[in-house]
Amino acid sequence: MATLARLQARATFLAHQYYFRSSVVDLFRKKEYDAAVKIQSWFRGCQVRAYIRHLHRVATTIQKWWRSYLGRQQYQVVVKLASCAMKMNLYNAMAVRIQRRWRGYRIRKYCFNYFYLKEYLRAVSETNDAIREALEEFAEMKEREEKKADLEREEKKRDYQARKMHYLLSTKQIPGIYNSPFRKDPDPWELRLQKAKPLTCHRPKVKQKRYISLSSWLACTSARSFPRSEILPPIDRKRCQGPFRDITEVLEQRYKPLEPTLRVAEPIDELKVAREELRRQEWMRNVNDNMISKLYYHHLISSQNMENHIQKLDKLYKGMHFAKKHFRKYIKNI
């Protein structure tokens, strides 16, 4: 009880102390709160900066390793290309060396081998000499043959001339022109005429041509127009000596059958007929084109007369087909 009494006596003092202390705490609360916030911000800032430094160190390590890997890969590619280039250069140099050695050996052995070339030229010269001798012999033989043929032709020509001029041979009573008394010695042609036989000319048989067409009325087929060689009476005398032509050949050349030219064979009004035909064809084409264009124009203007235009077109096409058919017949007949 005494304790309770003491506490009750001190209650007012405790209340005043409580309120006093609470007021003092409220005065320093804001200052402590600001200090605590500052301490927490500093500490958290230190934590974040330390974490960022850690992240930077880790990122730098990753980038370092990745870039080193890329550098090694690129270096390997460069080294591989350089090694390939070195190998190719080496191979090319070795190939050039091998080709140089082989070509030198081939040129020295086959192309510029002095003894081989000398033997080859000797063989070529011997072959050329043999061929030249053979060609010269062949040329001489051909020349001899040509000369012999020319002589034979000249001899035949002289024999033919002698047989043709056999009538100039001298007789016992009348001397010929080659055995004239005014000459000291007879001409060599006199001996040739004596050895030659007289030339006999056989009269050719003339075939009578039969002319059926009416245009051959000038072919001299009538016996009353000009004399024919077949109906002449035979002449009982010797043939005239000398360069005289047969009468049948002369008549054949004099009375030749009619051979009309293209201008005479064609009709006179051929050009006029062709122009009329060309004008008719142009007129047909122009008329058809105009009719088709007019029908198409009316068809565009009015759509009410569709059936009439269709019927007209049918008639037009039928007429064109009919004209085309007759034109083909006309062409075939021509």
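Fair warning: this is a prediction, and the values are worked out from it, not measured in the lab.

Things to note about the overall build of the chain
When helices and strands are counted, the chain shows seven helices and zero strands. Of the regular secondary structure in the chain, the N- to C-terminal order runs α-α-α-α-α-α-α. Here the contacts in the chain between residues at least 6 apart in sequence split such that 57% fall between residues at least 24 apart. Accessible surface, the chain: about 31900 Å² in total, of which carbon and sulfur atoms supply 60%.

Quick word on the pattern of salt bridges
In this structure the tally under the stated criterion is 11 salt bridges. The salt bridge partner of Glu155 is Arg158, with a shortest N-O separation of 4.0 Å. Highlighted residues: Glu155 and Arg158, both in helix α2 (residues 114–164), separated by three residues, approximately one helical turn. You can call Glu155 partly exposed: its relative accessible area is 34%. By relative accessible area, Arg158 is classed as partly exposed at 35%. When the shortest N-O distance is used, the salt bridge between Glu277 and Arg280 registers 2.3 Å. Of the two residues, Glu277 and Arg280 are both situated in helix α6 (residues 270–301); the distance of three residues between them amounts to about one turn of the helix. Sharing partners across several salt bridges, the network here consists of Glu155, Arg158, Asp159 and Arg192.

Considering the nonpolar core
By size, the foremost hydrophobic cluster in this structure holds six residues: Ala162, Met165, Leu168, Tyr178, Leu193 and Ala196. Excluding residues within four positions of it along the chain, Ala162 makes contact with Trp189, Arg192, Leu193 and Ala196.

Some points on the confidence of the model for the chain
Summary statistics for the chain give a mean pLDDT of 76 and a share of 69% for residues scoring 70 or more. Within the model, the stretch residues 211–227 combines pLDDT values under 50 with 16 contacts to residues more than four positions away or in other chains.

Observations concerning a nonpolar patch on the surface
On the surface, Met88, Leu90, Tyr91, Met94 and Ile98 cluster together to form a nonpolar patch covering roughly 520 Å² of accessible area. Locating Met88 in the fold gives a position in helix α1 (residues 2–111). Looking at Met88, the relative accessible area reads 46%, which means it is partly exposed.

Cut-offs applied
Residues numbered from 1 in each chain as written. Predicted model: local features only at pLDDT ≥ 70, side-chain atom pairs only at ≥ 80, totals over all residues. Heavy atoms only, no water. Helix = DSSP H or I, 4+ residues; strand = E, 2+ residues; numbered from the N terminus. Contact = heavy atoms within 4.5 Å. Areas by Shrake-Rupley, 256 points an atom, 1.4 Å probe, with all protein chains shown as cover. Salt bridge = Lys/Arg side-chain N within 4 Å of Asp/Glu carboxyl O. Buried < 20%, exposed > 50% of the residue type's maximum accessible area, 1.4 Å probe, protein only. Core = buried A, V, L, I, M, F, W, Y, C linked by side-chain atoms within 4.5 Å. pLDDT = per-residue confidence, 0-100. Patch = residues over 30% accessible without salt bridge, like charges linked within 9 Å, V, L, I, M, F, W, Y side chains within 5 Å.

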